[in-house]
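Here is what each chain is made of, one letter per residue.
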Amino acid sequence: MSYIEFKNVDKKYQMGEITINALDDTNFQIEKGELVVIVGPSGAGKTTTLNILGGMDTATSGSVFVDGKDVTKLKGKELIKYRREDIGFVFQFYNLVQNLTAKENVELATQICKNSLNPDEVIEKVGLKDRKNNFPSQLSGGEQQRVAIARAIAKNPKLLLCDEPTRSTRL
Ligand SMILES: Nc1ncnc2c1ncn2[C@@H]1O[C@H](COP(=O)(O)OP(=O)(O)OP(=O)(O)O)[C@@H](O)[C@H]1O
Ligand SMILES: [Mg+2]
């Protein structure tokens, strides 16, 4: 079995009378250590795929195996643990905490994880050493995105899921 197996995954959104098939029998496998890029037009289902893989959304049907366990079956504390310890997520729209500085945003993530990396070192890696005490509103779009990248990397997760991570920045 591959490290990640997406099997016959459907995702339907019901909007009143209309059903949107965001994912229709999606299948793929990813091996451990692989770097994979999902490419497709706007609305193709890229964010939906990442959200299901990261345990932030549920599939309508199908199964999603990560490291041997079916994450579509996780509930309650198990699901929280999976999202907290196994997943690092760079959101398409950053989702930074606005009243925390860049460094505090990264620290917040590392404080809840077991094998986290040093926040200062990760911030330096994304080139924000001189910006770490700024609040998100005091940063450019690309800088905010780099804080979001640092926050995900600093968790040292099994899976780093990045939704258009270079939309606003070039590292
Ligand atoms: N919460 C929702 N309710 C209803 N429809 C949704 C919802 N979220 C996504 N969709 C629809 O599902 C489809 C896939 O959306 P998704 O966000 O996964 O696309 P995407 O490939 O990430 O697009 P983009 O490149 O624009 O970010 C789209 O048609 C979208 O309108
Ligand atoms: Mg998207």
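Owing to the predicted nature of the structure, the values given are computational and were not obtained by experimental measurement.

Undergrad: What is the right way to read the domain arrangement of the protein from this model?
TA: Interfaces are often described in size by the accessible area the parts lose on coming together. Entries for the protein in the domain assignment read domain 1 (4-73) and domain 2 (90-162). Listed per partner, the contact involves eight residues of domain 1 and six residues of domain 2. Both faces combined, the contact of domain 1 with domain 2 buries some 520 Å², and carbon together with sulfur accounts for 72% of it. At the junction of domain 1 and domain 2, the tally comes to one salt bridge. With its nearest N and O atoms 3.0 Å apart, the salt bridge here joins D67 to K158. Applying the counting rule to domain 1 against domain 2 returns two residue pairs in polar contact (both at pLDDT 80 or more).

Undergrad: Help me out: how do you make sense of the environment of L50 in this one?
TA: Here L50 shows up in helix α1 (residues 46-53). Look at L50 and you get buried, because its relative accessible area is 10%. For the pair L50 and F91, spaced 41 residues apart in sequence, the C-alpha separation works out to 9.6 Å. Aside from chain neighbours lying at most four places away, what touches L50 is I38, F89, L161, C162 and D163.

Undergrad: Explain the site of ligand 1 here, please?
TA: In the neighbourhood of ligand 1, 14 residues make up the surrounding shell, with S42, G43, K46, T47 and T48 lying closest. In this structure, an oxygen atom belonging to ligand 1 sits 2.7 Å away from a side-chain N or O atom of K46. Protein contact buries 65% of the 640 Å² of open area that ligand 1 shows by itself. Looking at which element gives the most residues to the shell around ligand 1, the answer is α1, with three residues. The residue inventory of the shell around ligand 1, partitioned by class, reads six nonpolar, six polar and two charged.

Undergrad: Can you help me understand the side chain of Q92 in this one?
TA: Mapping Q92 onto the fold places it in the loop between β5 (87-90) and α3 (102-111). A distance of 3.0 Å separates polar atoms of two side chains, one belonging to Q92 and the other to T47. At 3.5 Å, the side chain of Q92 and the side chain of E164 are in polar contact. For Q92, the residues in contact, after removing those within four places along its chain, are T47, D163, E164 and R167.

Procedures and definitions
Counting restarts for each chain: residues are numbered from 1 in the order of the written sequence. Here chains are named by letter from A upward and ligands by number from 1 upward, in the order in which they appear as written. Since the coordinates come from a predicted model, pLDDT governs what is reported: local features require at least 70, and pairs of side-chain atoms require 80 or more to be given and counted, while whole-chain, interface and lining totals use all residues. The side-chain values count all of the structure's non-hydrogen atoms but skip hydrogen atoms and water molecules. Segmentation of the chain into domains, including their bounds, is taken from an automatic or database domain assignment. Contacts were defined at the residue level, with two residues in contact if any of their heavy atoms lie within 4.5 Å. Accessible surface is computed with a 1.4 Å probe, and the buried area is the amount of it that two parts give up when combined, taken over both parts together. For this document, the term salt bridge refers to a Lys or Arg side-chain nitrogen within 4 Å of an Asp or Glu carboxyl oxygen. Distance and chemistry together define a polar contact, namely a pair of N or O atoms within 3.5 Å, with one atom able to donate a hydrogen and the other to accept it when in protein, and with adjacent residues in sequence counting only for side-chain atoms on both sides. Each helix is a run of DSSP H or I of at least 4 residues and each strand a run of E of at least 2, with the numbering of both proceeding from the N terminus. For the exposure calls, accessible area comes from a 1.4 Å probe over protein chains only, and a residue counts as buried if that area is under 20% of its type's maximum, exposed if over 50%, partly exposed in between. Nearness here has a simple test: a residue counts as near a molecule or strand if at least one of its heavy atoms is within 4 Å of that partner. Accessibility throughout is a Shrake-Rupley quantity obtained with a 1.4 Å probe, and a residue counts as covered only by protein chains that appear here. Just so you know the grouping, Ala, Val, Leu, Ile, Met, Phe, Trp, Tyr, Cys and Pro go in nonpolar, Asp, Glu, Lys and Arg go in charged, and all remaining residues, Gly too, go in polar.

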